Amino acid sequence: MKLEIKRLILKDFLCYKDLDFDFQKYNNLTLICGKNGCGKSGIPEGVVYAIYGKMLRDMPLKEVIRDGATKAVCEIYFSIDNTDYHLIRERYKGKYLFQLNDVTMNSQEQIEYAIKNLPDKEVFQRCFYFGTSAIPPLTTLYQYELKDKLCKFAKLEWLNGCLETLREALNKKLIPLTKIKENQLVYLINQNSSMTEENPKDEDIDKIKKTADIDKNTLKQETAKLEQVKKEIDEYRGKVYELSKEINRTETLLKNDSCPLCLQAIPNVLKAELISVKESNSKEIDNWKNYIVEKNKVQEQIQLYIKYLNTLVESNTNSLTKLTTIKQYICKRKDNNDKDIQHLKEIQQKLLKLLQRFKLWEDLFNWKGIPTRIFKEFVLPFINNRLLFYTSSLFPDYKPELKINIKGEVSFVLDNHRDFKALSTGEKHKINICLGLTIRDFIESSYGLEVNSMFFDEVFDGLDKESVEIFIKNIQTDFQDRKIFAITHREELKPYFQDIIDIKEKGKLYGNTAN
């Protein structure tokens, strides 16, 4: 992806009242020279602000409006992969206006969406602007910080994004599953065990059934006895009735007024016999009446016993019904609990599989997995090759190298085992510049980005004349297809550059080309 900056127009932006900066008219090497605070860095600031609405420096955005003005206007012409864009950004005190290719935009997000393949601000900034902020101070940037920056530029953060996406997806599945109480499975198992103890035993129910059957049989027998006694009482009463009729007939015969002629004709012997029969029948009636009284007593006893047996049968029937109902209820509850237990066990297995799957992805995506392999086999070799390339000319006495240990800590070492802290300030600055350029190359390679213009802002400070000459020669060779703009306040550097831009007054450019 090629990003070409063509033209920048600034109006009332920072110290510039009206600036029209045409990048295309400058040669490979251009020096922007001037005193501190005259606006040298305002040009790259304007480029970054025009495209991204943010500054290179950490400063309030309201400060971009020039003193005495009411608004600042940044207008930029650029292209990405031969697609031209014209972006105008106006900043008022309290509001913004955006226009892209003559179309009004409502937000920076809309601008970035409309510009196809627009790189991230930090990525563009590190490829376009090389200043003190782009030089990593290795004296303070250690281990995880440097590793994290390199991982970010190596696009390894997407692995963390994948892991987070998987974690969110897992949580969506886990949330409904974890709503089940953790002890619910144990509770159901314990409940089943308790219900097993409470559940009536079959032998107890069979025992009650046998007792009930015996009581029913006894009841049946006693009922039969009762019927027999009733039958006997009825029979005895019939005999009493017949005997009573005989006595009544005998008494009729014996009465004088009933049939005197017949009575007179009956011999005394027959009369005495009739009286004897009457008395015998009376005695027999008394005996039968006594039998009836005794049988009534037996009947009452049998009825009481039958009543008692009915009570036993009813009690046994109720107990049997109750136990059967309890057993059916408990069996039904146990069946339901068994289904719930099986369901919970299936959920446990599902959770276990999900967690095992996530653990696999976590092992793959964490630092000890894929990122380490990528970092060791691709990132560090590229970094160290480019670092050696830059230091071989600027700092041939040392061969710095980045290494990584098993904990993921990135360390900076020199091949002669000298401690980096023991180097002089100038030596540290050289190595830091080389590392900064290396990281810049790594970003371009990782993102496939090529920016046609580069600004080197005050990177010559701390370098001696020989190092400056080597550095300028190297960047002219290494970046011969780019437009290089070097910002400095050192007048003695002018002979090394093709084009010179002097800023003698604040916000006013003077210059010549083809020096």
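Residues numbered from 1 in each chain as written. Predicted model: local features only at pLDDT ≥ 70, side-chain atom pairs only at ≥ 80, totals over all residues. Heavy atoms only, no water.

Trainee: In this structure, what is going on with the overall build of the chain? I would like to understand it.
Mentor: On a plain count of helices and strands, the chain comes out with 12 helices and 15 strands. When each of the 515 residues of the chain is scored for burial, the buried share is 41%. When contacts within the chain are restricted to residue pairs at least 6 apart in sequence, those whose partners lie at least 24 apart make up 73%. When the accessible surface of the chain is split by element, carbon and sulfur atoms take 51% of a total near 29,900 Å². (Helix = DSSP H or I, 4+ residues; strand = E, 2+ residues; numbered from the N terminus. Buried < 20%, exposed > 50% of the residue type's maximum accessible area, 1.4 Å probe, protein only. Contact = heavy atoms within 4.5 Å. Areas by Shrake-Rupley, 256 points an atom, 1.4 Å probe, with all protein chains shown as cover.)

Trainee: I keep staring at the environment of Ile205 and nothing clicks. Help me out?
Mentor: Following the sequence through the fold, Ile205 ends up in helix α7 (residues 202–254). Judged by its relative accessible area of 7%, Ile205 falls in the buried class. Note: C-alpha distance between Ile205 and Thr324 (119 residues apart in sequence) is 7.8 Å.

Trainee: Even after reading the chapter, I still don't get the packing of helix α3 (residues 121–128) against helix α11 (residues 425–447), so can you show me in this structure?
Mentor: Two numbers describe a pair of packed helices, the interaxial angle and the distance between the axes. Running from amino to carboxyl end, α3 crosses α11 at an angle of 130 degrees, the nearest separation of the two axes being 9 Å. Comparing their axes, α11 and α3 come out oblique. Judged by the twist between their axes, the crossing of α3 over α11 is left-handed. Taken together, the residues of α11 that come into contact with α3 (itself represented by Val123, Arg126 and Cys127) are Ile439, Arg440, Ile443, Glu444 and Tyr447. Tallied by class, residues from the contact of α3 with α11 come to 5 nonpolar, no polar and 3 charged. (Axes fitted to C-alpha atoms, helices over the stretch in contact; angles between N-to-C directions. Parallel < 35°, antiparallel > 145°, perpendicular 65-115°, else oblique. Left-handed = near helix turned anticlockwise from the far one by under 90°. Nonpolar A, V, L, I, M, F, W, Y, C, P; charged D, E, K, R; others polar.)

Trainee: Where do I start with the nonpolar core in this structure?
Mentor: The tendency in soluble globular proteins is for nonpolar side chains to be buried as a group. If you look at the biggest cluster of nonpolar residues, it comprises 95 residues, and the most contacted ones within it are Ile5, Phe124 and Phe456. Per-element accounting of this core gives the leading share, 8 residues, to α11. Beyond its immediate sequence surroundings of up to four residues, Ile5 is in contact with Phe23, Val47, Ile51, Ile76, Tyr77, Phe78, Phe124, Phe128, Asn452 and Ser453. The next biggest cluster of nonpolar side chains, apart from the first, holds 15 residues, and it includes Leu219, Tyr236, Ile306 and Leu309. (Core = buried A, V, L, I, M, F, W, Y, C linked by side-chain atoms within 4.5 Å.)

Trainee: Got a minute to help me understand the pairing of strand β14 (residues 499–505) in this structure?
Mentor: The side chains of a regular strand alternate between the sheet's two faces. Most of β14 sits out of view: 5 of its 7 residues are buried. Note that strand β3 (residues 29–34) and β14 share 5 bridges and pair parallel. Its bridge partner being in β14, Leu31 is matched across the sheet by Ile500. (Pairing = 2+ DSSP bridges.)

Trainee: Just to check I follow, could you spell out the pattern of salt bridges for this structure?
Mentor: Any two side chains of opposite charge can pair, given that their charged atoms come close. Tallying each qualifying case throughout the model produces 19 salt bridges. Of the charged contacts in the structure, one is a salt bridge between Lys225 and Glu222, with a shortest N-O distance of 3.5 Å. Note that Lys225 and Glu222 are positioned in helix α7 at a spacing of 3 residues, about one turn of the helix. On the basis of relative accessibility, which here comes to 47%, the residue Lys225 falls in the partly exposed class. Classification of Glu222 by relative accessible area gives buried; the value is 9%. Among the ionic contacts, a cluster of salt bridges with common partners joins Arg386, Arg440, Asp441, Glu444, Glu450, Asp481 and Arg482. (Salt bridge = Lys/Arg side-chain N within 4 Å of Asp/Glu carboxyl O.)

Trainee: Is there a simple way to explain the packing of helix α10 (residues 370–394) against helix α12 (residues 465–478) in this structure?
Mentor: Two elements in contact, α10 and α12, have axes whose closest approach is 9 Å; the angle formed by their N-to-C orientations is 140 degrees. Judged on the interaxial angle alone, α12 and α10 are oblique. When the axes of α10 and α12 are compared, the crossing they make is right-handed. Mapping the contact onto sequence places Phe389, Tyr390, Ser393 and Leu394 in α10 and Ser467, Ile470, Phe471, Asn474 and Asp478 in α12. Within the contact of α10 with α12, the residues separate by chemical class into 5 nonpolar, 3 polar and 1 charged.

Trainee: Explain empty space enclosed by the protein to me, please; I cannot follow it from the model alone.
Mentor: A probe as big as a water molecule, rolled over the atoms, marks out the empty space that is left. For the structure on display, the rule yields 1 cavity of 30 Å³ or more. By volume, the largest cavity amounts to about 40 Å³. Lining the largest cavity, in full, are Tyr390, Ser393, Leu394, Leu437, Phe471, Asn474, Ile475 and Asp478. Elements with a contribution of two residues or more to the lining of the largest cavity: α10 and α12. Looking at the lining of the largest cavity, the element that brings in the most residues is α12, giving 4 residues. (1 Å grid on protein atoms, 1.4 Å probe; cavity = no way out; pocket = protein on both sides within 12 Å on 5 of 7 lines; lining within 4 Å. Points joined across faces, edges and corners; volume = space filled by probe spheres on them.)

Trainee: In this structure, what is going on with the side chain of Asn316? I would like to understand it.
Mentor: Secondary-structure assignment places Asn316 in helix α9 (residues 268–365). Owing to a relative accessible area of 13%, Asn316 belongs among the buried residues under this scheme. The residues contacting Asn316, other than those within four sequence positions of it, are Ile208, Thr211, Ala212 and Asp215.

Trainee: Help me out: how do you make sense of the side chain of Gln299 in this one?
Mentor: Considering the arrangement of structural elements, one finds Gln299 in helix α9. Residue Gln299 is classed as buried on the basis of its relative accessible area, which comes to 15%. If sequence neighbours within four positions are ignored, Gln299 has contacts with Leu226, Val229, Lys230 and Ile233.

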